[in-house]
Amino acid sequence: MAEKTLLITGFDPFGGEKINPSYEAVKGLPERVGKYNIVKLCVPTSFEKASGTVIAKAEECEPEVIICIGQAGGRKGVTPEVIGINLRDARIPDNDGAMPKNVPVIENAPAAYFSTLPVDDIVEAINQAGVPSFKSYSAGAFVCNDLLYSLLHRFDGTDKKIGFIHVPYLPQQTGDKHPSLTLEQIITALTAAIEAI
Ligand code: PCA
């Protein structure tokens, strides 16, 4: 059987943080999970650069599946996103200093696209693995949503499975102030997610 490729991405730190749990967890994944060879990529937290970086890598490695991971500080669990929306509405600057307000990701494109990953199966698999997980109906309107929307738009009509998973802070980022999961828990969750696809 032909090898299958899964491209998984994480973001660099943003908003004054020194670390981003998304790319730390991606780095910690093995080279192979279930039926997939894993290709890893670090993405700049930049409206201008994020989606182009991932689309270029996807055109090069031709993955069957693309999963992007991002930090959602304050969430209590690992949260696969259901939908990406055609909106940029930033509350903080990205890593290039850009803070777009109430503008589309792509002019004259549809309002939204649903993730093409099996979101319910992923949530169940992560919970089965002992890590809290629930669906999210909003990836926000910052760079993570931008990336999800742009990928779903670019590969609409293909059979690529594409989606986004937000992860909480690591304990060292937030102490007792906000909920957090350890790096091991996040890696366990992402492994379970991939095995469910
Ligand atoms: N989280 C941000 C962008 C980069 C990241 O890890 C977001 O939720 O949009």
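Definitions and limits used
- Residues numbered from 1 in each chain as written.
- Predicted model: local features only at pLDDT ≥ 70, side-chain atom pairs only at ≥ 80, totals over all residues.
- Heavy atoms only, no water.
- Helix = DSSP H or I, 4+ residues; strand = E, 2+ residues; numbered from the N terminus.
- Rg over C-alpha atoms; globule rule 2.2 N^0.38 Å.
- Buried < 20%, exposed > 50% of the residue type's maximum accessible area, 1.4 Å probe, protein only.
- Contact = heavy atoms within 4.5 Å.
- Phe/Tyr/Trp six-rings, centres within 6.5 Å; stacked < 30°, edge-to-face > 60°.
- Near = heavy atom within 4 Å.
- Polar contact = N/O pair within 3.5 Å; in protein donor to acceptor, adjacent residues only side chain to side chain.
- Areas by Shrake-Rupley, 256 points an atom, 1.4 Å probe, with all protein chains shown as cover.
- Expected span 1.5 Å × (residues − 1).
- Arc of directions from axis to C-beta.

Bringing the overall build of the protein into the picture now. Within the protein, the regular secondary structure consists of 6 helices and 8 strands. The linear arrangement of helices and strands in the protein, starting from the amino end, is β-α-β-β-α-β-β-β-β-α-α-β-α-α. Relative to its length of 197 residues, the protein is compact, with a C-alpha radius of gyration of 15 Å against a globular reference of 16 Å. In terms of overall dimensions, the protein has C-alpha extents of about 45 × 40 × 25 Å along its principal axes. When each of the 197 residues of the protein is scored for burial, the buried share is 50%.

Secondary-structure assignment places Thr9 in strand β1 (residues 4-11). Beyond its immediate chain neighbours, meaning those up to four positions away, Thr9 contacts Val26, Leu41, Val43, Val54, Ile67, Cys68, Ile69 and Leu147.

This part takes up the packing of aromatic side chains. This model, assessed by the stated rule, comprises 4 aromatic pairs. Ring centres of Phe14 and Phe142 lie 5.9 Å apart, and the angle between their planes is 45°; on these two criteria the pair is classed as tilted. Remark: Phe142 occurs in the loop between α3 (119-128) and α4 (143-154) and Phe14 occurs in the loop between β1 and α1 (21-28); sequence separation between them is 128 residues. Residue Phe14 shares its accessibility class with Phe142, and that shared class is buried. Centroid distance Tyr113 to Tyr149: 5.3 Å. Interplanar angle 50°. Geometry classified as tilted.

In this section: the site of the ligand. As a structural note, the neighbourhood of the ligand is formed by Phe11, Phe14, Asn20, Thr45, Gly70, Gln71, Phe142, Val143, Cys144 and His166. Between Gln71 and the ligand, the recorded distance is 2.8 Å, taken from a backbone N or O atom to an oxygen atom. With respect to the ligand, the backbone of Val143 contributes an N or O atom lying 3.5 Å from an oxygen atom. Starting from 270 Å² of accessible surface for the ligand in isolation, the protein chains cover 94%.

Between its first and last C-alpha, helix α2 (residues 50-61) extends 17 Å over 12 residues, near the 16 Å set by a 1.5 Å rise per residue. Of the residues making up α2, those classed as buried are Ala50, Ser51, Val54, Ile55, Ala58 and Cys61. Buried residues of α2 fall within an arc of 140° about the axis and therefore sit on the same side. On its buried face, α2 is in contact with β1, β3 (36-43), β4 (65-71) and α4. Positive phi appears at Glu62, one or two residues downstream of α2, with a value of about 45°.

The values reported here are purely geometric and, on their own, carry no functional implication.
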